[in-house]
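Examination of the molecular architecture
The chain contents come next:
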Amino acid sequence: MTIFKKQSEMDALFTLLNKSPVPYDEDGELNTSYNNAMFWWEINEITLSPLPQSVCLSAADILYNRFYWFTRFIARSQTLYGIDAGLEQQQFQIIEAMDHESSIDMEECCHILEAIELEVGYRSGYRS
């Protein structure tokens, strides 16, 4: 599993796919996490086909990156603006997609997702 956590890695992917970040919010961290999350939301294995062989990502890699960056976006958004149930629902859609991906062991996946949530400081509004 490959998760691109460093912004320099994300910048390189944006460049390789000729994509540009868009302004989203005046908060730099929220803007960055939004753009990276949207990058992974729009990406799929077909989109990645023109990349050099040195960048080999599976469907599972794409989903883990999508979850990582979207969770970072939600965590920052909650800090600034409070809980947004719509964003949490979108996060759950990523988990559902992971459940349908045959290459993902969901027991292991749950541990990884919990570790990501802890790392980025995310706390679901549904938990007490």
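Residues numbered from 1 in each chain as written. Predicted model: local features only at pLDDT ≥ 70, side-chain atom pairs only at ≥ 80, totals over all residues. Heavy atoms only, no water.

**Here's the deal with helix α4 (residues 85-100)**
Defined as follows: Think of it this way: any DSSP run of H or I at least four residues long counts as a helix, any run of E at least two long counts as a strand, and we number them from the N terminus. Expected span, for any helix, means 1.5 Å times one less than how many residues it has. Exposure is judged per residue with a 1.4 Å probe applied to protein chains only, and the accessible area is read against the type maximum: over 50% gives exposed, under 20% gives buried, and values in between give partly exposed. Think of the arc as the fan of directions from the helix axis to the C-beta atoms. By the convention used here, residues are in contact when the closest approach between their heavy atoms is within 4.5 Å. Polar contacts here mean pairs of N or O atoms no more than 3.5 Å apart (in protein, one a potential hydrogen donor and the other a potential acceptor; neighbouring residues in sequence count only if both atoms are side-chain atoms).
Its 16 residues place the ends of α4 23 Å apart at the C-alpha level, agreeing with the 22 Å of an ideal helix rising 1.5 Å per residue. Among all positions in α4, only Leu87, Glu88, Gln91, Ile94 and Met98 are buried. Along the axis of α4, the buried residues cluster in a sector spanning 105°; they form a single face. What points out from α4, more than 90 degrees from its buried face, is the exposed set Asp99 and His100. Where α4 is buried, its residues contact α2 (28-42), α3 (59-81) and α5 (106-120). Capping of α4 at its N-terminal end is provided by Asp84; its side-chain oxygen lies 2.8 Å from the backbone amide nitrogen of Gly86.

**Re α5**
Between the first and last C-alpha of α5 there are 21 Å, a value that for 15 residues agrees with the 21 Å anticipated at 1.5 Å per step. Those residues of α5 lying buried are Cys109, Ile112, Leu113, Ile116, Glu117 and Val120. Viewed along the axis of α5, the buried residues span an arc of 140°, placing them on a single side of the element. When the buried face of α5 is taken as reference, the exposed residues oriented beyond 90 degrees from it are Glu107, His111 and Leu118. The elements touched by buried residues of α5 are α3 and α4. At the N-terminal end of α5, a side-chain oxygen is found 2.9 Å from the backbone nitrogen of Glu107, two or three residues along, and the residue is Asp105. Two residues or fewer after α5 comes Gly121, characterised by a positive phi angle close to 75°.

**Quick notes on the pattern of salt bridges**
Put simply, the rule reads: Here a salt bridge means any side-chain nitrogen of Lys or Arg lying within 4 Å of a carboxyl oxygen belonging to Asp or Glu.
Tallying each qualifying case throughout the model produces four salt bridges. Notably, a salt bridge pairs Arg76 with Asp27, separated by 2.7 Å at the nearest N-O pair. Highlighted residues: Arg76 in helix α3 and Asp27 in the loop between α1 (7-16) and α2, separated in sequence by 49 residues. One exposure class covers both Arg76 and Asp27, and it is buried. Overlapping salt bridges bring together Asp27, Glu29 and Arg76 as one network.

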